[in-house]
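Structural features, examined
Now for the letters of each chain:
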Amino acid sequence: MIRLKAAFARLIGRLIRFTGRGGGTTLPGRVLLKLDRDAVDKLGAGLSEGSTLISATNGKTTTASMLAVILAAEGRHPVHNRTGSNMNWGVATALLEQDGDEGLFEVDEAWLAETASRLDPHTILLANLFRDQLDRYGETEALADAWLGLARERAASTTFVLNADDPLVADIGRASGPDTSYFGIEDGSVASAELQHASDAKNCRVCGAELTYELAFVGHLGHYRCPSCGMVRPAPEVSAHEVRLTGMTGLGARIRSPEGSAELELPLPGLYNLYNALGAIATARALGIPVGAAVASLASMKAVFGRVERIPVGSTELSILLIKNPAGANEVLRTLALEPEPVDLWVGLNDRIADGRDVSWIWDADFEELADRVRSVVCAGTRAPEMAVRLKYAGWPTERIEVVGELDRSLERALEARPGRLFALPTYTALLELRQLLADRYDADRYWQG
Amino acid sequence: MRLRLLSLYPDQMNIYADRGNLTFLRKRCEWRGIGFELTRCGIGDRFDPEAHDLIYIGGGQDRDQKAVAEDLVRNKRDQMFLAHEGGAVILAVCGGYQLLGRSYQLEDEQIEGLGLAGLETVRDPGPRLIGPVSITVEIDDTERVVAGFENHGGRTWLDPGCRPLGTVRSGYGNNGKDGLEGVRDGNLIGTYLHGPLLPKNAWLADHLIGLALEHGGSGRVELEPLDDRLESAAHRSALSAADAR
């Protein structure tokens, strides 16, 4: 029966694409799940080599595509929800439309338990938990509790790969069994002066006492310990040393593991991408791929859709940097501050369900970092005026801030105001709309192929 | 002329970007040449109830809010009562608002609050009350609208005779049932409109600045008007999000 239902759902997908209506990314999966609630279990059972799941607040899509690149170099081509659609229907759609003998799925933080129970994965990477869409996910501590419960249940059947630098995630090692491995950054020279404002992990998960940080890298990711109960950051098997950040062009680091070390050259910027790379390398290692091979494969990595890409639009070179929560936005702002020239920006703030209806978070992001580094900014999206107010109070000169809520016009405006280089900072659904617009209007869709 | 602001538990009670309110107040003072002094007061700290014109407390995660409740009752109750009686402006938002009452409920536990306002917060089996919200308030005999966002599991009930901040136009308010939102008693305001509500309601920020300056001994102050075109647009944007629900 499942084969008949799957064929029908696939046909729906083809029809949508044929009629050129777009937006058909997850409709086949949604249709299939309507026909059969257990479709993911049934199709997933066909993956003879099992599945790997990746979850995190930030970096899921990039990390998964890094791991896909590493696997591809080994001749492994997993079924992979590469468009970043990471709830049940996104996984179902990938299973419907791709063939392969193993699965690689990024999974929404809140859907992880459900997806894991359906796919019975042999490996799970948990990379970070940040304050994000509190109206949808609730508190970060509640998510950490749910993940801990999942690890306890699956300790015997799943190998966990955890970020040693995130106390909310590393704590899961208490329950996740002896196969657990860790990754982290060991280079204090790239740490920030202090813990950022919007810190989500102030307290020890074991005893509740306030944590002491020796180093903070990204948000609350760093080197911490509990002065009360003695809990310490686990020593990572895969670690980054001698980190070199080179603005928007990329980064380098020496990656060490028990098997030896290798020089990473990554064409993606920022410490957050170093964490993504470490997660992918450590997971590859858990899947039997030597660290040296994984590191070498990442040199060919291109930015995935929406996460730092450069697109020629007329005479302008457009780079898109997703911003969706304070920690992620802060890393984008920190990276932009390294640009040698003042920047021209387009910022798209939407409040649709997938963005989180609540736009309060923009006040937790440190837009102050760019106050004297901005030449012009156009604010767009459903809540554009509120973004403009945020920027004004971050000290950006008001005469450089323009509000054009409507997407087409706002982009036109940004492009005509400043031909040359433009950075677009959209929330998630604003990114989808921007991508559609670029494809329709500027014939830029070929940049997302493959 | 200066505004002396006390930020209570900024390390714990900041979950919905509460610092946006402080940034907003600071800038609006600075642009008018009004001095702005910010004092942070955390767990274990004490404060002088006469030394602050505006006291702010925001929302926090369950664990933090519980620790803060214990500290408020143990270390700051008297000062809070004295500050309130002395006419200091108190703005308590979300979790901070619940702490003004006699008690609030966390799962099955009833946790003691300040008892500064006649209200109590309980759970009910229904879902969290989440979404954009707008309320009508009456300030200086004028009806105004406050727009914001709410996200709370607790249901707050005011004692008979206790005055709400406003009535719900759209959204849930205190409990989703009686149409009331927040609490108001003299210069004390509690509300579920969380996080950066002042940036969405610049007029309210200015109203609080005026009251705080008066408390600080500057008399009734006519605030210099600012170019609020962006702020007005932001208010309309938040309001239409609430009214579209």
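Thresholds applied
Residues numbered from 1 in each chain as written. Chains lettered and ligands numbered in written order. Predicted model: local features only at pLDDT ≥ 70, side-chain atom pairs only at ≥ 80, totals over all residues. Heavy atoms only, no water. Contact = heavy atoms within 4.5 Å. Buried area = accessible area lost by both parts, 1.4 Å probe. Salt bridge = Lys/Arg side-chain N within 4 Å of Asp/Glu carboxyl O. Helix = DSSP H or I, 4+ residues; strand = E, 2+ residues; numbered from the N terminus. Nonpolar A, V, L, I, M, F, W, Y, C, P; charged D, E, K, R; others polar. Disulfide = S-S within 2.5 Å. Buried < 20%, exposed > 50% of the residue type's maximum accessible area, 1.4 Å probe, protein only. Pairing = 2+ DSSP bridges. Axes fitted to C-alpha atoms, helices over the stretch in contact; angles between N-to-C directions. Parallel < 35°, antiparallel > 145°, perpendicular 65-115°, else oblique. Left-handed = near helix turned anticlockwise from the far one by under 90°. Domains from an automatic or database assignment. Polar contact = N/O pair within 3.5 Å; in protein donor to acceptor, adjacent residues only side chain to side chain.

1. Considerations on the interface of chain A and chain B
Tallying the contact residues gives 34 residues for chain A and 34 residues for chain B. Summed over both partners, the interface of chain A with chain B buries about 2,900 Å², with 54% contributed by carbon and sulfur atoms. For the pair chain A and chain B, the interface holds five salt bridges. Its salt-bridge partner being Arg63(B), residue Glu141(A) comes within 3.0 Å of it at the nearest N-O pair. Where the side of chain A that touches chain B is concerned, the elements lending two or more residues are α7 (134-137), α8 (140-154) and α13 (384-393) of chain A. Top contributing element to the side of chain A that touches chain B by residue count: α13(A), with seven residues. Residues of the side of chain A that touches chain B, tallied by class, amount to 10 nonpolar, seven polar and 17 charged.

2. Structural notes on unusual backbone geometry
Phi is positive for Asp120(A), close to 50°, though the residue is something other than glycine. With respect to the helices, strands and loops of the structure, Asp120(A) is situated in the loop between α6 (112-119) and β4 (123-126). One non-glycine residue with positive phi stands out, namely Ala17(B), at about 60°. In this structure, Ala17(B) sits in the loop between β1 (2-8) and α1 (19-30).

3. A closer look at the state of the cysteines
Counted by the stated rule, this structure contains zero disulfides over all chains. Cys226(A) provides the cysteine sulfur closest to Cys207(A), a residue in no disulfide bond, and the two sulfurs are 3.5 Å apart. Residue class for Cys207(A) comes out partly exposed when judged on its relative accessible area of 37%. With no disulfide of its own, Cys41(B) lies closest to Cys29(B) among cysteine sulfurs, the gap being 20 Å. On the basis of relative accessibility, which here comes to 1%, the residue Cys41(B) falls in the buried class.

4. Concerning the pattern of salt bridges
If you walk through the whole model with that rule in mind, you get 55 salt bridges over all chains. When the shortest N-O distance is used, the salt bridge between Lys202(A) and Asp64(B) registers 3.2 Å. Here Asp64(B) lies in helix α2 (residues 62-85) and Lys202(A) lies in the loop between β6 (181-185) and β7 (212-218), a pairing that spans two chains. With relative accessibility at 15%, the residue Lys202(A) sits in the buried group. Here Asp64(B) falls in the buried class, since its relative accessible area comes to 7%. A salt bridge links Glu30(B) to Arg26(B), with the shortest nitrogen-to-oxygen separation between them at 3.7 Å. One end of the pair, Glu30(B), and the other, Arg26(B), are both in helix α1, four residues apart, so they sit about a helical turn from each other. Taking the relative accessible area as the measure of exposure, Glu30(B) reaches 38% and is therefore partly exposed. Within the structure, one salt-bridge network assembled from shared partners comprises Glu141(A), Asp145(A), Asp171(A), Arg174(A), Arg205(A) and Arg63(B).

5. Here's the deal with the pairing of strand β10 (residues 251-257) of chain A
Residue and element names in this part refer to chain A. Across the seven residues that make up β10, a large majority, five, are buried. Of the strand pairs in this sheet, strand β9 (residues 238-245) and β10 are connected by five bridges, and their pairing is antiparallel. Across the sheet, Leu-245 pairs through a bridge with Leu-251, a residue of β10. Here β9 hands over to β10 after five residues, with Gly-247 in that stretch at a positive phi of 60°. The pairing of β10 with strand β11 (residues 260-266) spans seven bridges and is antiparallel. Across the sheet, Ser-257 pairs through a bridge with Gly-260, a residue of β11. Here β10 folds back onto β11, and the loop between the two strands holds two residues.

6. Quick look at the packing of helix α4 (residues 60-73) of chain A against helix α10 (residues 271-286) of chain A
Residues and elements named next belong to chain A. Packing of α4 against α10 leaves a shortest axis separation of 9 Å and a crossing angle of 45°. The angle between α4 and α10 falls in the class oblique. Considering how the two elements wind past one another, α4 and α10 form a crossing that is right-handed. Every residue of α10 that contacts α4 at Thr-62, Thr-63, Met-66, Leu-67 and Ile-70 is listed here: Asn-273, Asn-276, Ala-277, Gly-279, Ala-280, Ile-281, Thr-283 and Ala-284.

7. Re the domain arrangement of chain A
All names here are of chain A. Domain boundaries in chain A define domain 1 (51-86 + 101-298) and domain 2 (307-448). A C-alpha centroid distance of 27 Å is found between domain 1 and domain 2. Taken together, the contact pairs 25 residues of domain 1 with 26 residues of domain 2. When domain 1 packs against domain 2, close to 2,000 Å² is buried across both sides, 51% of that on carbon and sulfur atoms. Our enumeration of links across domain 1 and domain 2 arrives at one salt bridge. A salt bridge links Asp-364 to Arg-131; its shortest N-O distance comes to 2.7 Å. Put simply, domain 1 and domain 2 have six residue pairs in polar contact (both at pLDDT 80 or more) between them. Going through the elements one at a time, α4, α7, β7 and α10 are the ones with two or more residues in the side of domain 1 that touches domain 2. Sort the elements by how many residues they give to the side of domain 1 that touches domain 2 and α4 lands first, with three residues. In the side of domain 1 that touches domain 2, the residues fall into eight nonpolar, 12 polar and five charged.

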